[in-house]
Amino acid sequence: MAELKLSEVCYQYKNSKQKVLKGISCDFQGGKLCAIVGPSGSGKTTLLSILAGLDRPSEGKVYINGDDLTTLDLDAYRRERVAMIFQSFQLFPLLTILENVSYPMENNGIPKKEARERAGKLLLMLGITEEKHKRFPSKLSGGEQQRVAIARALATGAKVLLADEPTGNLDRENTLHILDILKKFAHEEGYCVIVVTHDQEVASISDRVWRMQDGILTI
Amino acid sequence: MRRNPFLKAVLRKPFRSLLMLLLMGAITYGITSHVIEYVIVLQMTNQLEKYYRPIGTLKSENNDVTRGRELVSRSPYIEFEDIGRIPQGILQGLYNADVSNSFNRAKAEEIKLESYVSDIVFYGVLQEKKYVVVGSGQYHFVFKINKMEVGYPDYMPEDNLIHVKYQPETEGELKEEYDSLIVGEQYLVRAYYDENSPQSMNRSGQIIEGKVGKWFLLDKLTDDNLYFYPVKEGDTVDYSNRKLAGLKEHLEIVDQNQRSVEVYGTKDMSLMPPFQESSRTYYLVDGRWLDREDDLNKKNVCVVHSFFAEWRGLSLGDKINIELRDMGGGYNGYIIPLFPEIWDNWKNYKTVEKEFEIVGIYDSVYLDQSTARGNRIFVPDSCIPENFLLQTREMIDSSTYSFVLKSAKDLQAFLIENKSKLEGMGITLSFIDNDADDFGIASKALKKSTQMSVAIFSATFLPVMVIVAFFYLSQRRREFAVARAMGISRRLAIYQVGVAGIWIGFPGIIIGGIVARYKTLKEAKDLFKDFVMPGVIEYNSSLRIFWLLLMLLLFSLFVILIFLGSCYIANQSVFDLLQGQKLNIGRKNMRQINREKVDLQPDPSIKTDEKAEEIFYFSDSYKEFMVESIGKTNASRIYKLTTSIEYLYRHMFRSYGKILLMFIITLGFITTYSWFDIAIEKNKVEIDQLYNSIVIKGEILNEGRLDFSKGGGFINPKVVNNLQDTGLINESYLEKTAQVNALTGFNPHKTYDRDAFIPGVAVVSFNEWNRFFIETGAGITVEFMKGYDEKVFMESESDAVEAIVPERFMKKLGKRWGDIVYLIIKEEYTPCRIIGSYEGELSNAVLSDTIIMSEYHMQQLMGNNFFYVVTKFKFNPAKNKELIQKEKELKEMVSSAKFGSIEPKLMIWDAELQQVIEPMERNLSFLKIIYPIAVIVFTLIGGVLNFLIISFRAKEAAIMRILGGAKRKVRILFTVEQGIIYLTGMILGAILIAMLQGGISPNIQMNILLYVTGCTLGSILGSIFVTNKIPLELLQVKE
């Protein structure tokens, strides 16, 4: 079970005196779907950056399964231990969807043939039929693209999934579909799924909802 | 006014917009400068071709070519005929420069050619009178001038004291008048300038002692032998007085003549035969010749002689007023008694006054020149009233007639059409060599070189423009979709995208265009500097229009690209564009993808039916498989590398449009370097070949009449020796001369006999027999005594001096061939054998009393006491470069070796070299200048393009970073991908060059390296730029 733990995490931009994150301490448990909600400018993106290993906190510590993030290679951390899903999917436009999904695996050293095989299975698992595997992302619907994005996230083997408004571009049916997937991964596979959202429906089905306000995270 | 979001977007991304603007500037500069250069070359060569057209002349024994002209004028090949009209012109407020007059007064009066311009008529108070016993005696008078009635102002002494002398021809002549003169009384006196007096002006018209003309010869005021007419001080004479009959009329004529010039009306002076360099007659000192345009546009411009200009202090741009008089047939423009109708009725001829601007100053190479040489002024024929000198069209004189063919191509046809017919009329047709062939070679080379540069630069720069348009549209794609989503019509959105694009295209095009125009015009002026121009070639006006059209074309092209791109975007789904995912993957790419066989073996338990899209399913085994395997493989670095390479490969081949453009640009740039290299090398070789094949001729000119006492016309032997010592001369034709005191037919012991004694005889020798009869000996025929011919004569080294003497000498001395005559040199008598005689006159007045000797005998007789009269050289073609470099130095060396105040002049007839090689050299230096500029511009373009291409992949970099790609790796990946593109282009370009040139010169290697460095730097900076962006900000949908 993956676990992300934050201890007194503060963040301050260079050349700015004001703290964007003000001593956040919290626990994101594996097996749970957590939602972070909050108004624009409250610090959600900054927190997500730190959780994704794209930035380091100015103060405080972030632990993943007990490992201090500051001691880890952040590139390797992003490659192996954390994955992200975005509202606008962010797939490589010039790679087929199969290549998009196999890319992190190949990048991680898994032989091409094996990576493609697994990518195919992942895509099938997420309901993307084989005939679509050789298509480019632009030829898929939004829901399908998001499922490809989830497949790519899963392909990294990371147990922490960070989702930034994953359903923001989707209709209700697809929203439910995606949420169902994320929930299942959390509940059945023990993934630690953290969803940053404005959507109350998303928040309502989450196991835990955190509120972000002026750099402070509260339940 | 509608708000244009695209424009705002352009302005708010100043860095990128500026880069694109600079690229547009560079593209415009590159294309425009070469196209303009080509157009200028075309314009100039076309215009110059007119100048280099065949110029024909007609000659007949009596100079009347009227019938020939009638025939020729009907020819369809004729562009225009030039029949010179030479009316008299009276300078207004200005005197002519014939201050020394040219004739001996008595001689001139005898043949009625006297113009009396050297007359001075004044009121003078007698200061002194005396009779000097010199020879047969002379009267000397000194007057203080109170007022000049007529006379050049140059004659007026500073102290107003004028010396007048009179040489009586018979005893007692003027004695009565002399005795009656009272010192202190005022008289009206007439005298004339004595060119042979000391303290006067020399033969070239230069005043020896400032503005002083002290010595004059007395002349009678009227035909009644009136020499001095007493006038009380303060009074003036009454010309109606019978004693002074005819004086007033005479003074009027003198005044007219002192301001007279010959105004030569021509349709195109630049095409007049004597003004072609090949005629070795006239040359331009400053400004330009008159041309066809001057005549067609009736421009009141003129070209004057340098002597007149210098003497009267005139220069280019000055204006002179001339009263044109419908009066021809004069002599130097003068009213002379030879033409009684003019002499008596000159006032009755029609006149018209015009103001002319001096646009050119010319000089001639004639040796024997009087001050009257400045009397001819050339003006466009159209400036002379049409009804003036109509008689010149009735009887066409060969000296004033020439014609110009429409094109050099028509020459043969014209000859076939007319030559034999003209010969039947006794008229000789000839064409002037005006270096048309040389011009053809130079213009062809220039045209070819500029054509190539236009082709290469256009092919290279236009793809860059496509890329700029592509970049611009890529940036505007999403904004376009948003605008469309907001309800902005497709048409308006396309319009607004276009308008915003103008902000990048227009300033760039204007800046690049202005720089290119300014720079290219400057270069072109230099390029054509040495062609003999028929006038000021106005290429600016028409070029300005062309330049504007070119700018418009480039701008239109950019707008069309933007428009087509916008239309393409407009055809895409707005939603897809908003999603930011829409990219067209062509059929070609789909085929490529389909070829990639991915061996997928789906779990048979997984549903793949239609409903599968809605169901996700985990099987236990699969879950285990995923959990166990993923992220646990330790792949080797090589494997990771191949993965990256595969990614690059896919990316590159799926965005082939961009890649292909970049590839073409690189290939274009590299081959352009090669073109520069080849062009420069080829030019060098051609120039060297031409340098070694053109024979430049030269000669030393010395103004003034040949005169042993004054040194006029002679050339110092030292200067010839110095010239020959430079090693630049291959061949010389030299005519030497020296003077012996006398030639006599009697031996020294015989009694002096005046009739058998010829004083002051000149001796001439030369080093080429045949050449002599083209030069000084053109007017004589030689006959040798038996056993002699020119070969024997030239090579004879006999002890006895041998000579060819004039027939008249033989008659005077009563000698025959083979007889001995004696040359008296410093009282020494040297026997000389007559081995031949000649009839006719040598071409120089003083040399007419001349005997001809071989060089060997001249040396034996005179040693080093000789001068040169004709010195003509052929320079060593192998040293032409050195000659051009030393030209000024050589000219200074020659002009410093002057006799008295006369400066000899070295003429180097190098127009052929200048007109062929110098434009090519300038073209070469132009290439040499533009080459490094092109290298820098290409390097900058390469850098900027690579930077822009990578900067457009920021989102891709962000995804990679999110997926765990290290910044360094992403940077390397992007840099390598760009590197593969430009390096492939470079390698192919290099192979192409190697195939064409048989290798790659170090110069090209260096330039390629520079270009690759620019591209690499651009790629690295672009990669750093995109990886330094915060990934989440790029990937998130902003709230």
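Residues numbered from 1 in each chain as written. Chains lettered and ligands numbered in written order. Predicted model: local features only at pLDDT ≥ 70, side-chain atom pairs only at ≥ 80, totals over all residues. Heavy atoms only, no water.

Peer 1: What exactly am I supposed to notice about the overall build of chain A here?
Peer 2: Per the secondary structure count, chain A includes seven helices and 10 strands. In chain A, buried positions account for 65% of the 219 residues. A sequence separation of at least 24 residues applies to 71% of the contacts in chain A between residues at least 6 apart. With an accessible surface of roughly 7500 Å², chain A has 44% of that area assigned to carbon and sulfur atoms. (Helix = DSSP H or I, 4+ residues; strand = E, 2+ residues; numbered from the N terminus. Buried < 20%, exposed > 50% of the residue type's maximum accessible area, 1.4 Å probe, protein only. Contact = heavy atoms within 4.5 Å. Areas by Shrake-Rupley, 256 points an atom, 1.4 Å probe, with all protein chains shown as cover.)

Peer 1: Would you explain the UniProt feature "transmembrane region" (unreviewed entry) in chain B in this entry?
Peer 2: Residue and element names in this part refer to chain B. According to UniProt, the positions carrying the feature "transmembrane region" (unreviewed entry) are residues 452–473, 493–516, 545–570, 659–676, 929–952, 972–996 and 1008–1026. Within the segment residues 659–676, helix and strand shares are 100% and 0% respectively, and the terminal C-alpha atoms sit 26 Å apart. Each end of residues 972–996 is marked by a C-alpha atom, and these two atoms are 34 Å apart; helix forms 100% of the span and strand 0%. (UniProt positions renumbered as here; feature names shortened; annotations may be inferred.)

Peer 1: Teacher, can you tell me more about the sheet that holds strand β1 (residues 55–59) of chain B here?
Peer 2: Sheet strands pair by backbone hydrogen bonding; their relative direction is either parallel or antiparallel. All names here are of chain B. The sheet built from four strands is open, its strands ordered β2-β16-β1-β17 with antiparallel pairing. Each edge of the open sheet carries a strand with a single partner, namely β2 (78–83) and β17 (428–432). Looking at each pair of strands side by side, their axes are set apart by 25° on average, direction ignored. Direction of pairing for β1 relative to strand β16 (residues 401–405): antiparallel, over a ladder of two bridges. (Pairing = 2+ DSSP bridges. Axes fitted to C-alpha atoms, helices over the stretch in contact; angles between N-to-C directions.)

Peer 1: Before we go on, may I ask you to explain the pattern of salt bridges in this structure?
Peer 2: Opposite charge on two side chains permits them to pair, given that their charged atoms come into close proximity. In the structure shown here, the tally under the stated rule is 39 salt bridges over all chains. The salt bridge involving Lys132(A) is made with Glu144(A); its shortest N-O contact spans 2.3 Å. Taken together, the residues span a long stretch of sequence, with Lys132(A) in the loop between α4 (112–125) and α5 (142–155) and Glu144(A) in helix α5 at a distance of 12 residues. When sorted by exposure, Lys132(A) lands in the same class as Glu144(A), which is buried. Ionic pairing is found between Glu81(B) and Arg69(B), a salt bridge with its closest N-O pair at 2.9 Å. Taken as a pair, Glu81(B) in strand β2 and Arg69(B) in helix α3 (residues 66–73) lie far apart in primary sequence, 12 residues in all. (Salt bridge = Lys/Arg side-chain N within 4 Å of Asp/Glu carboxyl O.)

Peer 1: Teacher, can you tell me more about the packing of helix α3 (residues 97–107) of chain A against α5(A) here?
Peer 2: Each packed pair of helices is defined by two parameters, the angle between the axes and the distance between the axes. Residues and elements named next belong to chain A. Packing of α3 against α5 brings their axes to within 7 Å, and their N-to-C directions diverge by 20°. Considered as vectors, α3 and α5 are oriented roughly parallel to each other. Viewed along their axes, α3 and α5 form a crossing whose handedness is right-handed. Note on element contacts: α5 touches α3 through Val-148, Ala-151, Arg-152 and Ala-155, opposite Ile-97, Asn-100, Val-101, Pro-104 and Met-105. (Parallel < 35°, antiparallel > 145°, perpendicular 65-115°, else oblique. Left-handed = near helix turned anticlockwise from the far one by under 90°.)

Peer 1: Hey, could you run me through α4(A) in this one?
Peer 2: Spacing of three or four residues puts side chains on the same side of an α-helix, whose turn is 3.6 residues. For α4(A), built from 14 residues, the straight-helix expectation of 20 Å at 1.5 Å per residue is met to within 8% by its first-to-last C-alpha distance of 19 Å. One or two steps after α4(A), the chain reaches Gly127(A), where phi turns positive at roughly 90°. (Expected span 1.5 Å × (residues − 1).)

Peer 1: Looking at this structure, I do not really get the environment of Thr156(A). What am I missing?
Peer 2: All names here are of chain A. In this structure, Thr-156 sits in the loop between α5 and β7 (160–164). Residue Thr-156 is classed as buried on the basis of its relative accessible area of 1%. With 54 residues separating them along the chain, Thr-156 and Ser-102 place their C-alpha atoms 9.0 Å apart.

Peer 1: Would you explain the packing of helix α20 (residues 717–725) of chain B against helix α25 (residues 880–896) of chain B in this entry?
Peer 2: Residue and element names in this part refer to chain B. At a closest axis distance of 9 Å, the pairing of α20 and α25 adopts a crossing angle of 160°. Comparing their axes, α25 and α20 come out roughly antiparallel. Crossing handedness for the pair α20 and α25: right-handed. Between α20, through Val-719, Asn-722 and Leu-723, and α25, the contact on the second element is made entirely by Leu-890, Met-893 and Val-894. Looking at the contact of α20 with α25, its residues break down into five nonpolar, one polar and no charged. (Nonpolar A, V, L, I, M, F, W, Y, C, P; charged D, E, K, R; others polar.)

Peer 1: Would you mind going over a nonpolar patch on the surface with me for this structure?
Peer 2: All names here are of chain B. On the surface, Leu-11, Ile-502, Trp-503, Phe-506 and Val-559 cluster together into a nonpolar patch covering about 450 Å² of accessible area. In terms of residue count, helix α13 (residues 490–527) provides more of the nonpolar patch than any other element does, three residues in total. Position of Ile-502 among the secondary structure elements: in helix α13. Take Ile-502: its relative accessible area is 30%, and that puts it in the partly exposed class. (Patch = residues over 30% accessible without salt bridge, like charges linked within 9 Å, V, L, I, M, F, W, Y side chains within 5 Å.)

Peer 1: Hey, could you run me through the confidence of the model for chain B in this one?
Peer 2: Residue and element names in this part refer to chain B. Across chain B, pLDDT averages 80, with 84% of residues at or above 70. Averaged over each element, pLDDT in chain B is lowest for helix α16 (residues 587–595) (43) and highest for strand β12 (residues 301–305) (96). A low-confidence stretch, residues 581–619 stays under pLDDT 50, and its non-local contacts, those more than four residues away or across chains, total 84 contacts. Predicted confidence is poor over residues 627–633, with pLDDT under 50, and the contacts of this stretch with residues over four places away or in other chains come to 16 contacts. Among the scores for the predicted complex, ipTM is 0.80 and pTM is 0.59. (pLDDT = per-residue confidence, 0-100.)

Peer 1: How should the environment of Leu71(B) be read in this particular structure?
Peer 2: Residue and element names in this part refer to chain B. Residue position: Leu-71 is located in helix α3. Remark: the alpha-carbon pair of Leu-71 and Lys-421, spanning 350 residues in sequence, is separated by 8.5 Å. Excluding residues that lie within four positions of it along the chain, Leu-71 makes contacts with Asn-418, Lys-421, Leu-422 and Met-425.

Peer 1: Which parts of the structure should I look at to understand unusual backbone geometry?
Peer 2: One can expect most non-glycine residues to show negative phi and most peptide bonds to be in trans. Notably, Glu165(A) is not glycine yet its phi reads approximately 45°, a positive angle. Examined against the element boundaries, Glu165(A) turns out to sit in the loop between β7 and α6 (172–189). In this model, Tyr116(B) sits at a positive phi of 60°, which is unusual for a non-glycine residue. Following the sequence through the fold, Tyr116(B) ends up in the loop between α4 (105–110) and β4 (119–132).

Peer 1: How should the sheet that holds strand β8 (residues 192–196) of chain A be read in this particular structure?
Peer 2: Residues and elements named next belong to chain A. Reading across from one edge, β6-β7-β8-β3-β9-β10 is the order of the six strands in this open sheet, with mixed pairing throughout. Edge strands, defined here as strands with exactly one partner in the open sheet, are β6 (82–86) and β10 (216–218). The average angle at which neighbouring strand axes cross in this sheet is 20°, direction not considered. Most of the contacts of α5 go to β6, to which it runs at about 170°, and overall it touches β6 and β7.

Peer 1: I would appreciate a short explanation of the pairing of β7(A) in the present structure.
Peer 2: Every other side chain in a regular strand lies on the same face of the sheet, so the side chains alternate between the two faces. Residues and elements named next belong to chain A. The buried fraction of β7 is high, at five of five residues. On β7, burial covers both faces: Val-160, Leu-162 and Asp-164 on one face and Leu-161 and Ala-163 on the other are all buried. In this structure, β6 lies alongside β7, joined through five bridges in parallel fashion. Residue pairing in the sheet places Ile-85 in a bridge with Ala-163 of β7. Here β7 pairs with β8 via five bridges, running parallel. Paired with Ala-163 across the bridge in β8 is Val-195.

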